[in-house]
Structure formats: structure tokens, C-alpha cells
Amino acid sequence: MTVNVCVCQSGDAVDTDFSGFSVPLEHSFEVDDVPRFRLRGALQLRGGRENGVYLSQNQLSEKDRSTLKDVAAVDGLYRIRVPRVSLQADRQTERQSEGYLTTFVRACSLVESHLSDVITLHTDVSGYIIGISIVTIPGSCRGVEVEDEVDLEVFNTTISVVAPVTAPVPETAPYIERMEQEMEKKGKNPQEQKSFFAKYWMYIVPLVLFLMMSGAQDQSGGGAGGGAANGGGR
Amino acid sequence: MAWLVVRLAISVSLLYTASAVFEDQVGKFDWRQQFIGKVRFALFDTHSQASKKLLVATDKNVFASLNSRTGDLFWRHVDKIGPEGHIDALLMYGQDAVVVTGNGRLLRSWETTVGGLKWETVLDTGSFQAAALVGVQDFVKYVAVLKKSAISLHDLSSGSQIWVENLPDSDTVQYQTIYSGGNGLVFVFGVVPNSHIVIVEYKIEDGEIMRKKSVEAAWMSSLESSCTVISSGILLCVDQITQSLYTLQLQSAEQTEIRQIHLQTLDLEVASGFQPVLTSTQPNPAQPPLSEFFLQLSPDHHILLQLKDGLIAPLRDFNPSYLAAFATSGERTVAAVMSPKNDTACSINLFSADTGRRHLDTTIIYHMDPNGGKPNRLYVHAFLKKDDSVGYRVMVQTEDLTLTFLQQPGRVVWVREEALADVVTMEMVDLPFTGTQAELEGEFGKKAAIQDGLLPMVLKRLSSQFILLQAWLAHLWKLFYDARKPRSSVKNEVTIDTLSRDEFNLQKMMVMVTASGKLFGIDSKSGTILWKQYLENIQPDSVFKLIVQRTTAHFPHPPQCTLLIKNKDTGLGNLYVFNPIFGKKSQISVPALPRPVLQTLLLPVIDQDYAKVLLLIDDQYKVTAFPSTKNVLQQLQDTASSIFFYLVDSSQGKLSGFRLRKDLSTELIWEVVIPTEVQKIVAIKGKRANEHVHSQGRVMGDRSVLYKYLNPNLLAVITESTDTHQERSFVGIFLIDGVTGRIVHEAVQRKARGPVHFVHSENWMVYVYWNSKFRRNEFSVLELFEGAELYNSTVFSSLDRPHPPQVLQQSYIFPAPISTLEATLTEKGITSRHLLVGLPSGNILSLPKMFLDPRRPEVVSEQSREENLIPYAPEMPIREEWFINYNQTVSRIRGIHTAPSGLESTCLVVAYGLDIYQTRVFPSKQFDVLKDDYDYVLISSVLFGLFFATMISKRLAEVKLLNRAWR
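Residues numbered from 1 in each chain as written. Chains lettered and ligands numbered in written order. Predicted model: local features only at pLDDT ≥ 70, side-chain atom pairs only at ≥ 80, totals over all residues. Heavy atoms only, no water.

The name given to chain B in an unreviewed UniProt entry is ER membrane protein complex subunit 1, with the source organism recorded as Cyprinus carpio carpio. A UniProt comment under Sequence similarities (unreviewed entry) is attached to chain B, and it reads "Belongs to the EMC1 family." Turning to chain B, the UniProt record has this under Subunit (unreviewed entry): "Component of the ER membrane protein complex (EMC)." (UniProt positions renumbered as here; feature names shortened; annotations may be inferred.)

Within an unreviewed UniProt entry, the label attached to chain A reads ER membrane protein complex subunit 10, and the organism entered is Cyprinus carpio carpio. The annotation that UniProt attaches to chain A under Subcellular location (unreviewed entry) is "Endoplasmic reticulum membrane".

Peer 1: Describe in detail the overall build of chain A, supporting the description with residues and values.
Peer 2: From N to C terminus, chain A includes seven helices and 10 strands. The buried share among the 234 residues of chain A stands at 42%. Pairs at least 24 residues apart make up 70% of the contacts formed inside chain A by residues separated by at least 6 positions. Split by element, the accessible area of chain A, about 12500 Å² in all, is 54% carbon and sulfur. (Helix = DSSP H or I, 4+ residues; strand = E, 2+ residues; numbered from the N terminus. Buried < 20%, exposed > 50% of the residue type's maximum accessible area, 1.4 Å probe, protein only. Contact = heavy atoms within 4.5 Å. Areas by Shrake-Rupley, 256 points an atom, 1.4 Å probe, with all protein chains shown as cover.)

Peer 1: Give me the overall build of chain B: which residues, what numbers.
Peer 2: From N to C terminus, chain B includes eight helices and 62 strands. Here the C-alpha coordinates of chain B stretch approximately 130 × 80 × 60 Å along the principal axes. When the accessible surface of chain B is split by element, carbon and sulfur atoms take 53% of a total near 44400 Å². Where the 96 positive side-chain charges of chain B centre and where its 100 negative ones centre are 7 Å apart. (Lys, Arg positive; Asp, Glu negative; His and termini not counted. Charge placed at Lys NZ, Arg CZ, Asp CG, Glu CD.)

Peer 1: Residue-level account of empty space enclosed by the protein, with values.
Peer 2: Here the structure, examined in full by the defined rule, presents two cavities of 30 Å³ or more. Of the pockets and cavities examined, the largest cavity occupies roughly 100 Å³. If you go around the largest cavity, you meet 15 residues; those closest to its centre are A:Val105, A:Ile134, A:Val135, B:Ser798 and B:Leu799. Within the residue set of the lining of the largest cavity, elements represented by two or more residues are strand S6 (100-106) and strand S8 (129-136) of chain A. Residue composition of the lining of the largest cavity, by class: six nonpolar, five polar and four charged. Here the second largest cavity is characterised by a volume of approximately 30 Å³. (1 Å grid on protein atoms, 1.4 Å probe; cavity = no way out; pocket = protein on both sides within 12 Å on 5 of 7 lines; lining within 4 Å. Points joined across faces, edges and corners; volume = space filled by probe spheres on them. Nonpolar A, V, L, I, M, F, W, Y, C, P; charged D, E, K, R; others polar.)

Peer 1: Break down the sheet that holds strand S2 (residues 39-44) of chain B for me, with residues and values.
Peer 2: In a beta sheet, neighbouring strands are held together by backbone hydrogen bonds and run either parallel or antiparallel to one another. Residues and elements named next belong to chain B. An order of S2-S3-S4-S5 is seen for the four strands of this open sheet, with the pairing classed as antiparallel. Among the strands making up the open sheet, the edge pair consists of S2 and strand S5 (73-78). When strand polarity is set aside, the average angle formed by the axes of neighbouring strands in this sheet is 15°. Pairing between strand S4 (residues 62-67) and S5: five bridges, direction antiparallel. When the bridges of S5 are listed, Leu66 appears paired with Leu73. (Pairing = 2+ DSSP bridges. Axes fitted to C-alpha atoms, helices over the stretch in contact; angles between N-to-C directions.)

Peer 1: With reference to specific residues and values, describe the confidence of the model for chain B.
Peer 2: Residue and element names in this part refer to chain B. Mean pLDDT over chain B works out to 86, with 94% of the residues at or above the 70 mark. Here helix H5 (residues 487-490) is the element of chain B with the lowest mean pLDDT, 53, and helix H8 (residues 936-966) is the one with the highest, 95. Complex prediction metrics read pTM 0.85 and ipTM 0.77. (pLDDT = per-residue confidence, 0-100.)

Peer 1: Outline the pattern of salt bridges, listing residues and values.
Peer 2: In this structure the tally under the stated criterion is 45 salt bridges over all chains. The salt bridge partner of A:Arg36 is A:Glu30, with a shortest N-O separation of 3.3 Å. Among the residues examined, A:Arg36 registers a relative accessible area of 42% and is labelled partly exposed. Between B:Asp853 and B:Arg698 there is a salt bridge, with its nearest N and O atoms 3.0 Å apart. Pair noted here: B:Asp853 is in the loop between strand S59 (844-848) and helix H7 (862-866) and B:Arg698 is in strand S48 (residues 697-699), with a separation of 155 residues, a long-range link. An identical accessibility class is assigned to B:Asp853 and B:Arg698; each is buried. Each member of the salt-bridge network shares a partner with another, and the members are B:Arg698, B:Glu783, B:Lys849, B:Asp853, B:Arg855 and B:Glu867. (Salt bridge = Lys/Arg side-chain N within 4 Å of Asp/Glu carboxyl O.)

Peer 1: Could you give me a rundown of the packing of aromatic side chains, with the residues and numbers involved?
Peer 2: Residues and elements named next belong to chain B. As enumerated under the stated definition, the model contains 27 aromatic pairs over all chains in all. Centroid distance Tyr709 to Phe796: 5.9 Å. Interplanar angle 80°. Geometry classified as edge-to-face. Separated by 87 residues along the polypeptide, Tyr709 in the loop between strand S49 (705-708) and strand S50 (714-721) and Phe796 in the loop between strand S55 (776-787) and strand S56 (806-814) bring together distant segments of the chain. Assessed through its relative accessible area of 22%, Phe796 is described here as partly exposed. (Phe/Tyr/Trp six-rings, centres within 6.5 Å; stacked < 30°, edge-to-face > 60°.)

Peer 1: Kindly report on the state of the cysteines, identifying the contributing residues and their values.
Peer 2: Residue and element names in this part refer to chain A. For the coordinates displayed, the defined rule picks out two disulfides over all chains. Across the disulfide from Cys108 sits Cys141; the S-S distance is 2.0 Å. With the S-S dihedral at roughly 85°, the linkage between Cys108 and Cys141 falls on the right-handed side. With Cys108 in helix H2 (residues 107-112) and Cys141 in the loop between S8 and helix H3 (148-151), the pair connects residues that are 33 residues apart, well separated along the chain. (Disulfide = S-S within 2.5 Å.)

Peer 1: Explain the side chain of B:Lys60 to me, using residue names and the numbers behind them.
Peer 2: Considering the arrangement of structural elements, one finds B:Lys60 in the loop between strand S3 (53-58) and S4. Looking at B:Lys60, its side chain comes within polar contact range of the side chain of B:Asp422, at 3.1 Å. (Polar contact = N/O pair within 3.5 Å; in protein donor to acceptor, adjacent residues only side chain to side chain.)

Peer 1: Please provide a residue-by-residue account of a negative patch on the surface, values included.
Peer 2: All names here are of chain B. Taken together, the side chains of Glu23, Asp24, Asp933 and Asp935 define an acidic patch exposed on the protein surface. Here Asp935 lies in the loop between strand S62 (916-921) and H8. Residue class for Asp935 comes out partly exposed when judged on its relative accessible area of 42%. (Patch = residues over 30% accessible without salt bridge, like charges linked within 9 Å, V, L, I, M, F, W, Y side chains within 5 Å.)

Peer 1: Quick rundown of the pairing of strand S6 (residues 87-93) of chain B? Include the residues and the values.
Peer 2: Residue and element names in this part refer to chain B. Burial of S6 is extensive: six of the seven residues sit out of reach of the surface. Where S6 meets strand S7 (residues 96-101), six bridges bridge the pair, whose relative direction is antiparallel. Bridge pairing links Met92 to Ala97 in S7. Adjacent in sequence and paired antiparallel, S6 and S7 are bridged by two residues, among which Gly94 carries a positive phi angle near 60°.

Peer 1: Help me get a handle on the pairing of strand S32 (residues 402-407) of chain B, residues and values and all.
Peer 2: Residue and element names in this part refer to chain B. By the criterion of burial, S32 is predominantly enclosed, with five of the six residues buried. Sheet topology places strand S31 (residues 390-398) next to S32; five bridges connect them, and they run antiparallel. Opposite Val394, over in S32, you have Leu406 as the bridge partner. Counted between consecutive antiparallel strands, the loop separating S31 from S32 contains three residues, among which Leu401 sits at a positive phi close to 60°. Inspection of the sheet shows S32 paired to strand S33 (residues 411-417) by six bridges, in the antiparallel sense. Counterpart to Leu403 in the pairing with S33 is Arg416. In this antiparallel pair of consecutive strands, S32 and S33, the connection spans three residues, and Gly410 shows a positive phi of 130°.

Peer 1: Can you tell me about a nonpolar patch on the surface, naming the residues and giving the values?
Peer 2: On the surface, a cluster of nonpolar side chains totalling about 1100 Å² of accessible area is made up of A:Phe196, A:Phe197, A:Tyr200, A:Trp201, A:Met202, A:Tyr203, A:Val205, A:Val208, A:Leu209 and A:Met212. Secondary-structure assignment places A:Tyr203 in helix H6 (residues 196-213).

Peer 1: Provide a residue-level description of the sheet that holds strand S27 (residues 332-340) of chain B, including the pertinent values.
Peer 2: Residue and element names in this part refer to chain B. Pairing is antiparallel in the open sheet, where four strands are placed in the order S26-S27-S28-S29. Strands at the two margins of the open sheet, each flanked by one partner only, are strand S26 (323-329) and strand S29 (364-367). Ignoring strand direction, the axes of neighbouring strands in this sheet form an average angle of 25°. Here S27 pairs with strand S28 (residues 345-352) via seven bridges, running antiparallel. Each residue of the ladder has a partner; that of Pro340, found in S28, is Cys346.

This is how it looks when you write it as C-alpha cells:
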């Protein structure tokens, strides 16, 4: 998994020699819940093996702050969207493909977390952005009053790009290695090599004989409760 | 079986456990039913009088022999699925059955008594047209196979090819049928549509073309459907447009003109738009066919005609008649005709073929099933009785794939429901309570009771308790009575009236939906079909979704199931609502669905009649609620903001989430687009709604707890790469939250290919894929954990769970291919889980989930030992004793359905494919049940013994004390 994280606050100077491209990050929060997206900031994306992302964003205007509070009061949604693009350099020409990727978070949780959000961009194997997610920390809505001037001015955003993880395959090589090591160990001290039966046959044989004599008529007698241990395993 | 719940789990150390079934448990709680599918060819063995064999070949590529007295299978051969195993032709002569399979790829001869293969020949390539037995001098020696461009002759006893000849002008002429009348010649008929017929005559000995002629026939488009050979080599054709019959003498060199006989001259007329059908019969392949034949003029009009001295004369007109068939016994050929009698019954009569005269006392009354389809095929088995009259039995196949075998005077000998060979989906529904149980339920259930007052309440309670006591006494008496009888005779028949829930809810109603549109209600204990219902006008390959809207728990409201039937192409659907216990269609008005249905959603919201609300989303994202009473709409309005659903468009790779608005419109809230150029969504699965998770976390070796990430809204999305090169192909696994659209986990299994089978449950997901690099099947397990602390332990909300879960994954080699995968399910989720793996061999492997645990350690440590983790081994074992169906293999297993029972230890399993198999599994053994052979006598005698011993010793001690005091 390649994750490059940048905690960016508005007003930070963005690296000028950043060799990537920029796509708009838009957001929408309306009291009537009809999405009308406007610019929130610009995502600086860099392709290549090390997917990096920087976000430069503006402060919320006073009007926006009051709208956000109003939306939070009616339990509306705060939506964000990014255009579907590819991070790969060779796909730059076709990167402006049709459509957007959208997601949402409850406006109240954004307000109550004082605009602390975590935005994750997910890419597929070839570097296309396939999804975006936003969560706030904390994520709950408890109805806490928020002083707008202080807390709702700047976003405290953590943004990252996540590429798919390569799923593991059956690990045969380490297993065989381990087996060989165990074999070697056994080979070194022949005392160990003797099996349990070989060591204790003089006790086992009379015991088995005794049991056979005393009657093994009821073998299947009580299979009933084997589940106790298995059941508890969860 | 006497079950007894013991509350305490018994200590493990004492026990000898067995995971497989014991020999005496075979068939005790499991059953299997074998099916064959829709019959395409059926031949009765007329070789000897006493023969009971009926050979069938079906559209499921099954070739089988049925016992015509019982309907049971003698033997069955299941060939490959698809065109490779398609049975093209079935011919029988004596003890041999010759089968052409795989579009003329293989020619096989089977021995019909035991079903052994006598010989097999690989035929030359070319698409199959026809096959026929060829006789010489009253003795059938060869079989001829006609391909698109060649004809070959094979020896019937060894299969060796006698000769093969290319057909002349095969690029322009479509050769379609073949005929031999036992005179040393084989005729091949071809047609150039709307131009002429080509007849080629081959010599049997060496395949030399004796004669080739072409005859003008501008009206002809296809030979196969409109022509047949009758009498001593006369080609007879029928055409609907010219309303004529045509005859052509095959062997005369002079006749090069086809003779036209207007149907008008016979006072006949073909119904408009109906393709007339000619049926002739050739009782012995070494002799020419009879000169009598049937002509079907309309769906319910047949006529028996005879060709005599070049003239066609009607023998008997059957109007109305549904079906007609010839049958031969010895030297006598008869015709059986099925005619409607009244609305619910048909009568089948026997007529002699050469005169058309009716045989006396040969009527068979066939009662049509009011819940079934119309009869569409008739197979007749004629035999000579002792008094030399002809007797017969018939097998009727109906539209709903029921095979009914009847004998005079209308006795149904057996019935086979072949629709069950193609089960699409199923549910298991609890059986209703008995009258007494319902009485008790009703007492607490009725709201009216509150108004009754105290005294009536007390009286009601007393009366219901009295009824319970009465029922219990009756039950005890029955137990006592049955105990004295031998075990075999106690078997009581299950009927729809005696259905009631057993003590531990182990007996359920299996509601099965089949591809042909027939619904079945099957008792899970015995496999008896309790009800069936055929839904007419179902398009082939429709999509079915079965939803249980109301369970049996809401007495007196009947349980309710809803079946959504969706047309695959148009997406238009309709609902069928029925009672799953009795199979009756419900009277509830069903919403009309004028637009294609994209998604269905069963909400936990219930209406005043305790039916869960079903939401149907159409292609304009409008929502229809069913039921849609005022109460429901009110509830939906109240909860609208918390109702989310998702849609998948796999053609565009788009997943989108919607939220319900108060006015039942929807709004788009999230969108995830997986580009289709790279990968394609192949499957998507949520979790089962009736699943319970008992423990929130797992206790680790160091006594800390690892909490599970239990997100009920999680969707598992599987994709496959469009690039199928073995180095670059991959399988994608996405775990997406269905409410927020958040991608919780995204993984790529490289160098992997489908088909992917997967199970998504609790906090884990298991999938199987094909590793294209190592060319083997592999299992992979993903488990999600929240970590050592729970974010919010009281309630889970997708909107408020900011931290991504920890994902653990491990893969294993599975040394067998896989057909299907399912997980066991129990009432409370305490029992450990097993995976049920359906193998192509027909076995069902019950694989403990313990083996699929990503925390299996590479190196064993003290802590992992404490936690009971099995050390990692890359290869998954397959142990024979894990096969839950021992030797009862399920052919072409397609799905496994699991359902919880009332016992926590027990999970009900139904596997379906060509066969149906039902059993119970005990993933953690039967920890809440005493064994069958539990020694009640011993334990009670020990108890009594101890009791009396205490009494006696107490008395003795008292005496002793007294004596001592006196001393």
C-alpha cells in the first residue's frame, strides 16, 4: 500500500516545484439538500509510483459558515466530489474522463469536529481514481454548540491516496524452509527422534491390553459434547 | 429420535468424537432426490414383455434408465454441461441404445440393463443432422450418422466405421434427414430452400452413390419439420402456405415431379399460423414404415390418414385432440390419442393404426393438475396381453416438466417432478404451530385481551392450560403406543394437514423456485412435495428473487412469501405473493411494476400485519413500497433519512448509493466508478440479514480482546480483469460500505482468474479463485478487526465509524476445483462456523473456518497455542470424513442453502443442482443434544440405586446410633 499523507491547512504555501497536476475538489451543503457544488480547494496530484497528494484550500466564508451551521441543524449532508481522473502520467491526455466521484458526510459531524476531516482517494491498479471517502474525527453528532468564528474557519484536513493492496498468495517457500529446519533439528539429536510410542511402549501396551480385556463394548458412548471446545473457539 | 437438551457442555476430555456420520445414521436425517431434467427422447424397452426399462435422454445432457413401474432410476449418466454433452439422438435396438452426443462428436452404444458402455467412436467433425438405424434383410446391423457434409455408416455391434462419404454439393444443399427401409439402400434428403429437394441414394455395402436426383419444390424451406417417409419409400411432405400434401416415390427413376394433393380435396384445412406436423411410424428399422400417419392441423386437431394405392384417405378424425402417438407391440401398431374430456381431465384412447378403429376398454383418464401445466408430450408403451389384445401404458410430459406415468383405467403409477432438476433459488420457512401452541400464542398476542377484564383472562388462561395438558397427555399416550410397535411401521406420512413445528424447529418448509416457473413446497424432513404451483407465461431465463416477508411467527397472520420475477432482457418484473406453507396465492393486491426493477430492498420496517416492507426501485430511481398501506408510508416517512440503498451497473462499472426522501423519491449520495477498461464487476454480495454474531471480539493469547469489525452494511465486490493473459490477469476485491460508499478495503489478487466463489459473513470474507500462474485453486480469507478498542460498543453506524478497520489476509492452496461455496448458519451464532464447499465430484466438504484464519501463525508461539490457532500450512486438507454427504453425491451442484434450526448446534443444509440433497450439520458437534444411544436405563438405575442406598444406609446408621446410645 502506498500512502502519502500531507496534513495541509489553508494558507500553507504549496510546493512550487511539485510536478503533478491539479484537479478541483468541490463541496456542496445546502439547506434544501439539492447539491450545488462549488470549489473547496485544489488537489495537487502526482503520478508515478509514489502517489502523492496535496490539498490547498480556502477558508470558509462567513456566509458558508452560517449555511453549514444551518445544514447541520436540519441534519443535512455535506457532499464533496472530484472528477474521475487517472494518476498515471501517460494517461494525462485522457484523464479528464466524464463524471465525478461523490461522497458525503453528515454536516453536523463536520461542524462538531471543527472541520477536522479525513479525505481518502482510492485508486485502482492502473491509477484511476475510483472512489473518494470522507470521515470526520470524531464522527458523531451529539448536538454540541460550536463557536463559528473560531472553529469553522479553516479545514483541518488529512488527505491521502490509497492504492489497492496486493493480496497474499499461499506461502509455500517459508513453510518448506521451516519443515526442513525441523527435520534438521530432529536429525541432530537422535534422542528426540524416537517417537512417543517408541519411548513408552512398555507402559502403553499393558494399558491397551487391559482396556481391551475390560471391555470396549461401548465405544461410541459419549460423543455428545465434543463441541464445547470448538464452540468456544470463536 | 429422542432429543434432550443439556444445558452444560460436557467436558471434552472424556469423549470419543466422530465428525462423519455413523453407518446407522445414514438416511436418518438426510435425503437425496435425483432428477434428470426435461425429457427430449424417451423409448420404452419393447425387447421383452416383462421389461420395465424406460430410456430417456434429457436437455440436461442426462441419459438414464427409469423403472417404469416405480419411476425410480435404474442408472443415470450425466454428461458434460453445455453443447459438448448435448444429446443429439437416441436410438434403441434390442439391448443396445445408441446415443449421439456433442453435436455429432461421439457415437456411443450403451448396454441398457446395467448402463454399461459397450463402445464409443469419435466421429469426424461437422455439425450433426440426423441418425438412423439401418437394417439389411430384417436385421439391424448398422447405424448411419448424417453430418452437414458427410454421411458415415457404423457397425452396430462394434462401432467401427464401415464407410464415410462426402455429400455432393454440401455447400449449397442442406442435408437434413436420413431414411433406410431395409432394402440395402440409405437415402439422404437435402434441400435448397425455396428451390428443390435433393435425394441421394447410397449403397449400404460400400457407400457408393447409386442415384442422385433433384426434385423441384419451390415451397419448401425445411425438410426436417415438414417431411417424413411412409409406406414403402414414399416421401411425404406438408406445406401450410399451399395447403397441400406432397408425395414422391423414392425409388422410381421415372418420377421426377413431386405430386401435389390439395388438402381441400380431403376436406381438411390447416389452422392459420400453425406449422402442420406429420407423424409416421417405422416399427422396425429394417422394414419400411407403415402407410398410416398422423397429420396435426392445429394445436388440438389431429387426423389419422392412410396412403393406399397412391391415394391418401382419412381413417379417423380426432377433433379435438391434444396429442397423438404411435406404439408398436409385436406385429401390431396402435395409435394413442389424448382428447379433452372436461376442464380438468383428458381421456386417452387406443386405436388400431391400420383401420383407425377404437380398441374397446382402453380409456385412460388423465386428470390435469390444476396447479400444473398443459400436457405437451405423450409416450406410449404398448404390450400384448395374455388374450392377445393390446394393452398400454402412457407417460405424459407437461409444460411444467412433470412426468406422469399412467395405466388403465387412469391409475397414476408414478409422478416425477423434473422441474426440480433446475432449482434457481430457495428459502426455508418455519412450519406453523399446532392448534394448541397457537392457542397459547393467541392468548398473549391478541390486543383485545386487555379489554376482556381480569376474570375472563384467568378463565382463558385456565382453559388454554387445560388444552395444553390434554395435548401433552395425548402425546404421551401416542409415544407409549408407538413405542410398542416395531420402528419401521411407525413412519407416519407427512401431509399438509399434519404439518406442525417440531420441538426444535428442525423440520421446515423448503420453498423452491425452479427455472421453468414452477414453485414447490417440500417438507425438509422427508423430502415429500407438499404443494406445487406452476406459474404460466414465465419467460425462459427469467431472474427470480424470493423474499420472505412474514414468517410463521405472527399468528394468526399467515406467513407470506413474495417472488419477484424479472425478465432478463427488459428488466420488467412482476410480483407473485403466496403462502409458503400451503402454496396458495395470496389475495393481497400487488403493485403494478410498469418500469424495469433495478433493486429490491427488504426493510426491517413492518406494517400493522407484521409483514416486512419491500422496496422496489425502478430505473428512474422511484421507489415502490409493498405493502403500501398508510401505516407503512407513515413509517417510511419517519425513517426515510436512514434508509439507504445501492445500485450496481456492471456494464459501466458504476456503484452508486441513494438515500430515500420523505416523498419516496431518492437522491444520489455517493458514487464509485471502477473503470471497465481494466476490470469488470462480476459479483457483489452483502451479508445475510438473518445472521447473528455471538461474540464481539476474539480473545487473544495475552488475554486482550481483538474486536471484530462488524459492519452490517458492508458489501463485497469482486472484479475480474479484462486482460486475460495469465501474467497480467487479476481478481479485485473491494469492501465497500453500502451506506457511505466508503471503500473500506481494496485488494488485488494478482495472476488470478475467475470464476470466483465467495462467502461474506460476520467480519470475514472467503473467496476462491484460480491461480493462473501455478494453475491451481486457491482460497483466501480476509478478516476485519477494529483493534483492541471498540469505537462505539453500543451501536454500529456507518456514518460514525471514522477509523478504517485492520485487515488481515491469508491464502491457501485448495487441492480441488470448486462448484459452490456457502457458510453454515445457526440460531445464535455461538456454534463455530464451517464452510460448505460443493465440489464438482458431487461431494460437499464441510471445512472448519478454523483452517481459514488469517491469524494462523507461521511459527508456533506460546500465545498462539493458548489461542488454539493451527500453525500455518499452505495447503488446505481435504479429509474424506468431512464430506457431509458420504456417498450421496449431488450431481452438478449449483447452490447450497443453509438455514438455522431451533437447536444452536444444528444447521440445516440443502444442496441443489441436478439432484437435491438435504441434511443437518453440527459444526461444533451436538453439544446441546444427547446421543441417540444415550443409556437412559443405566443412568436412571444408577440414580435410583444411589437413592435407595442412601436411604438404607441412613436407616442403618440410625439403628447403629441408637444401639450405641443404649450401650
